[in-house]
Amino acid sequence: MPWNNEFECMPLDELRKFQLEKLKETVEWVTARVPFYRQLFQKKGISADDIKNIKDIVKLPFTVKNDLRDNYPFGICAVPIKEAVRIHTSSGTTGKPVTALYTEKDVNDWSECVARCLWAYGVREHDIVQNAYGYGLFTGGLGLHQGIARINATALPISTGSTELQVSLMQDFKTSVLCSTPSYALTIAEKALEMGIDIKRLPLRLGIFGAEPWSEKIRLTIEERMGIKAMDIFGLTEMGGPGMAYECRFQNGSHINEDHYLAEIVNPATLEPVPAGEKGELVLTSLQRRAMPLIRFRTKDITRFVEEDCPCGRTFVKMERISGRTDDMLIINGVNVFPSQIESFLLDMEEVAPQYRLIVRKRGHLDKLIIQVEANKEIYAHNRAKRYETESKIMSHIKGNLGIRVDVRLVEPGTIERSTGKAARVVDERPDQLR
Ligand code: ADP
Ligand code: ZN
């Protein structure tokens, strides 16, 4: 049974009706309270009365991250500070962090959404949940914490960092569930190995990972190294935080908490809805938030809807795992390259570890992409010729598949800085790209 059967399994016609009602309410709410939206709607000549059907959402204007930056810190908020109980900010992965404001009801709804996720993953009252997401301004730590409390499991609020302590508490307290970014989970697994502790033999059975894109291969690597089941959790600060979408045990995409968020997928170039089942940019409208509702927020995250009725019984639509952000895309001498494409190749190779960095530089008029990747211990111990052979293999594969010439440098195991939160794998040193 889901955590909230009434909503998670609501018949679709009822769910759409509910969404329509909440959408109209939200449009009215921001029209009355947020000059930014009032003006946008006026310009478009649109009001809540024009929303007769959920599909009419396309009549509404988009909101982008820069609108939030331009209205920093509270310009886009719909309640005065005295009605708010919490402020968070985003991580700032792509520039100046943006603010999120919450009323008590917003925090409550958010906790409910996270509780649904945890319950779907199989977290229960008897679990000790080691929460290694950063506590503080970042939404991950407190977001998960509230959900853990809501379902009455036991929180271990360790936050991020202190990796040795993560491992020893995991052992001492018999942690059963770990929450962190996938890249930090790999860091923890590696530290355990160094400490001579085999996580696979500990009671840890489940991992809840999100906040950054991660591939199926990374999932398998983590599952194998930790001896656990790894589940995906998705969210973003602009919509409250983690807990917007979650995998069920069938793990064919993540259910979106549709009573709280209306999801669309648009073509990022034309901004038109994509044909059913096609990939595009995820656009989200919050349906129940009060302090900072956003209309048609362009997430820049790329995904597609999974067109199937889920055997778990939840009626919420599912989205495929995020394959990247539109702004992750590197343009190398005119060729579009997603870091995930390079990652997926590196992860296939036995000769290297899943630790890499992509450095982009300008040489004259040309862009140069340098891939630094850690060799595995054996390869590194080998003579230079063996390393050279591996480098050439990666170079020619990337040339053959992505059409770009890259420099590959195999580096010593353990030398690439380990992530404790969101991994920063791309360093773009081109003068016009510095953020
Ligand atoms: P920032 O945009 O500064 O990173 P947030 O800390 O709010 O701000 O992070 C939200 C973003 O993190 C999402 O838009 C998405 O790009 C990424 N993200 C969150 N969860 C996942 C996930 N499960 N899979 C892939 N990407 C994710
Ligand atoms: Zn399901």
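A quick note: this is a predicted structure, and the numbers were derived from the prediction, not measured. (Residues numbered from 1 in each chain as written. Chains lettered and ligands numbered in written order. Predicted model: local features only at pLDDT ≥ 70, side-chain atom pairs only at ≥ 80, totals over all residues. Heavy atoms only, no water.)

**Regarding the overall build of the chain**
As a reminder, the rule being used: Numbered from the N terminus, helices here are DSSP runs of H or I no shorter than four residues, and strands are runs of E no shorter than two. It is over C-alpha atoms that the radius of gyration is taken, and the globule rule equals 2.2 Å times the number of residues to the power 0.38. Contact definition: two residues touch when any of their heavy atoms are within 4.5 Å. Working definition of accessibility: Shrake-Rupley area with a 1.4 Å probe, residue cover restricted to the visible protein chains. We treat Lys and Arg as the positive residues and Asp and Glu as the negative residues; His and chain ends play no part in the count. Each charge is placed at NZ for Lys, CZ for Arg, CG for Asp and CD for Glu.
Within the chain, the secondary structure is distributed over 12 helices and 21 strands. In terms of C-alpha radius of gyration, the chain reaches 22 Å, essentially the compact-globule figure of 22 Å for 435 residues. Taking the principal axes of the C-alpha coordinates as reference, the chain spans close to 70 × 55 × 40 Å. The contacts in the chain between residues at least 6 apart in sequence include a share of 67% that link residues at least 24 apart. Accessible surface for the chain amounts to roughly 19200 Å². Of this, 51% is attributable to carbon and sulfur atoms. Considering the chain, the positive charge centre built from 59 side chains and the negative charge centre built from 59 side chains are found 3 Å apart.

**Things to note about the nonpolar core**
Quick reminder of the rule: The nonpolar core is taken to be a set of buried Ala, Val, Leu, Ile, Met, Phe, Trp, Tyr and Cys residues, with the residues joined through side-chain atoms within 4.5 Å. Exposure classes here rest on a 1.4 Å probe applied to the protein chains alone. A residue is buried below 20% of its type maximum, exposed above 50%, and partly exposed in between.
Ranked by internal contacts, the top residues of the largest apolar core, which has 46 residues, are Leu23, Tyr37 and Leu60. Residue assignment for this core shows that the elements contributing at least two residues are helix H2 (12-33), helix H3 (35-44), strand E7 (229-236), strand E8 (241-247), strand E10 (261-266) and strand E11 (280-286). With near-sequence residues (within four places) excluded, Leu60 lies in contact with Leu23, Val27, Phe41, Lys44, Ile46, Ile51, Ile295 and Arg296. Phe7, Val107, Leu118 and Leu206 belong to the second largest nonpolar core, which has 30 residues in total.

**Some points on the environment of Ser47**
Take Ser47: it is sitting in the loop between H3 and helix H4 (65-70). Assessed through its relative accessible area of 32%, Ser47 is described here as partly exposed. In sequence terms Ser47 and Lys82 are 35 residues apart; their C-alpha atoms lie 28 Å from each other.

**Brief notes about the site of ligand 1**
Put simply, the test is: Residues are labelled near a given molecule or strand when at least one of their non-hydrogen atoms is within 4 Å of it. Nitrogen and oxygen atoms within 3.5 Å of one another constitute a polar contact, given that in protein one can donate a hydrogen and the other can accept it, and given that sequence-neighbouring residues count only through two side-chain atoms. Gly falls in the polar group here, along with every residue not listed as nonpolar (Ala, Val, Leu, Ile, Met, Phe, Trp, Tyr, Cys, Pro) or charged (Asp, Glu, Lys, Arg).
Around ligand 1 lies a shell of 20 residues, among which Ser91, Thr93, Ile233, Thr237 and Asp301 are the nearest. Contacts to ligand 1 include Glu212, whose backbone N or O atom sits 3.3 Å from a nitrogen atom. Taking Pro213, its main chain carries an N or O atom lying 3.4 Å from a nitrogen atom of ligand 1. Here ligand 1, which alone exposes 560 Å², has 97% of that area covered by the protein. No other element matches the five residues that E7 contributes to the shell around ligand 1. Each residue belonging to the shell around ligand 1 can be placed in one class, and the counts come to seven nonpolar, seven polar and six charged.

**Some words on the sheet that holds strand E12 (residues 297-303)**
Hydrogen bonds between backbone atoms are what pair the strands of a sheet, whose relative direction is either parallel or antiparallel. Our working rule: Pairing between two strands is assigned when DSSP locates at least 2 bridges connecting them.
The strand order across the open sheet built from four strands is E10-E11-E12-E15, with neighbouring strands paired in antiparallel fashion. Only two strands of the sheet have a single neighbouring strand rather than two, namely E10 and strand E15 (324-325). Two elements, E12 and E15, share two bridges in a ladder whose sense is antiparallel. Its bridge partner being in E15, Asp301 is matched across the sheet by Arg325.

**Overview of the coordination of the zinc ion (ligand 2)**
Quick reminder of the rule: Note: metal donors comprise N, O and S atoms at 2.8 Å or less from the metal (3.2 Å for Na, K and Ca); water molecules are not included, so apparent gaps in a site are possible. A site with four donors is called tetrahedral when every donor-metal-donor angle falls between 85 and 135 degrees; four donors are called square planar, and six octahedral, when opposite donors sit more than 155 degrees apart and all other angles fall between 65 and 115; any other arrangement is irregular.
Taken together, the protein donors to the zinc ion (ligand 2) comprise Cys248 (SG), His255 (NE2), Cys310 (SG) and Cys312 (SG), at separations of 2.1 to 2.2 Å. Given four donor atoms and angles of 102 to 118° at the metal, the environment of the zinc ion (ligand 2) is assigned as tetrahedral. Judged by relative accessible area, Cys248 falls into the buried class, the value being 1%.

**Section: the sheet that holds strand E21 (residues 426-428)**
This is how the line gets drawn: Geometry is summarised by axes, namely lines fitted to C-alpha atoms with helices restricted to the contacting stretch, and by angles between N-to-C directions that run from 0 to 180 degrees.
Read from one edge to the other, the open sheet built from four strands follows the order E20-E19-E18-E21, with strand pairing classed as mixed. A single partner strand is all that each edge strand has here, and the edge strands are strand E20 (406-411) and E21. Strand-to-strand, the axes of this sheet are offset by a mean angle of 15°, without reference to chain direction. Pairing geometry for strand E18 (residues 352-363) and strand E19 (residues 366-375), over nine bridges, is antiparallel.

**With respect to the packing of helix H5 (residues 104-121) against helix H6 (residues 139-150)**
Under the convention used in this document: An angle below 35 degrees is read as roughly parallel, one above 145 as roughly antiparallel, one from 65 to 115 as roughly perpendicular, and any other as oblique.
Packing of H5 against H6 leaves a shortest axis separation of 7 Å and a crossing angle of 75°. Between H5 and H6, the angle is such that the two are roughly perpendicular. Residues Val107, Asn108, Trp110, Ser111, Glu112, Val114, Ala115 and Leu118 of H5 lie in contact with H6, whose contacting residues are Thr139, Gly143, Leu144, Gln146, Gly147, Ile148 and Arg150. When its residues are assigned to classes, the contact of H5 with H6 shows seven nonpolar, six polar and two charged.

**Quick notes on the packing of aromatic side chains**
For clarity, the cut-off: Whether two aromatic rings pair depends on their centres lying within 6.5 Å, for rings of Phe, Tyr and Trp, where Trp uses its six-membered ring; planes under 30 degrees apart make the pair stacked, over 60 edge-to-face, and the rest tilted. Placement of a positive charge over a ring is assigned whenever Lys NZ or Arg CZ falls within 6 Å of the ring centre and within 35 degrees of the normal to the ring plane.
Tallying each qualifying case throughout the model produces seven aromatic pairs. Measuring from centroid to centroid gives 5.7 Å for Phe209 and Trp214, while their planes differ by 85°, and the two rings are edge-to-face. Among the aromatic residues, ring-to-ring pairing joins Phe36, Tyr37 and Phe41 into one connected group. Positioned above the aromatic ring of Trp214 is the side chain of Arg321, whose terminal nitrogen or guanidinium carbon lies 4.8 Å from the ring centre.

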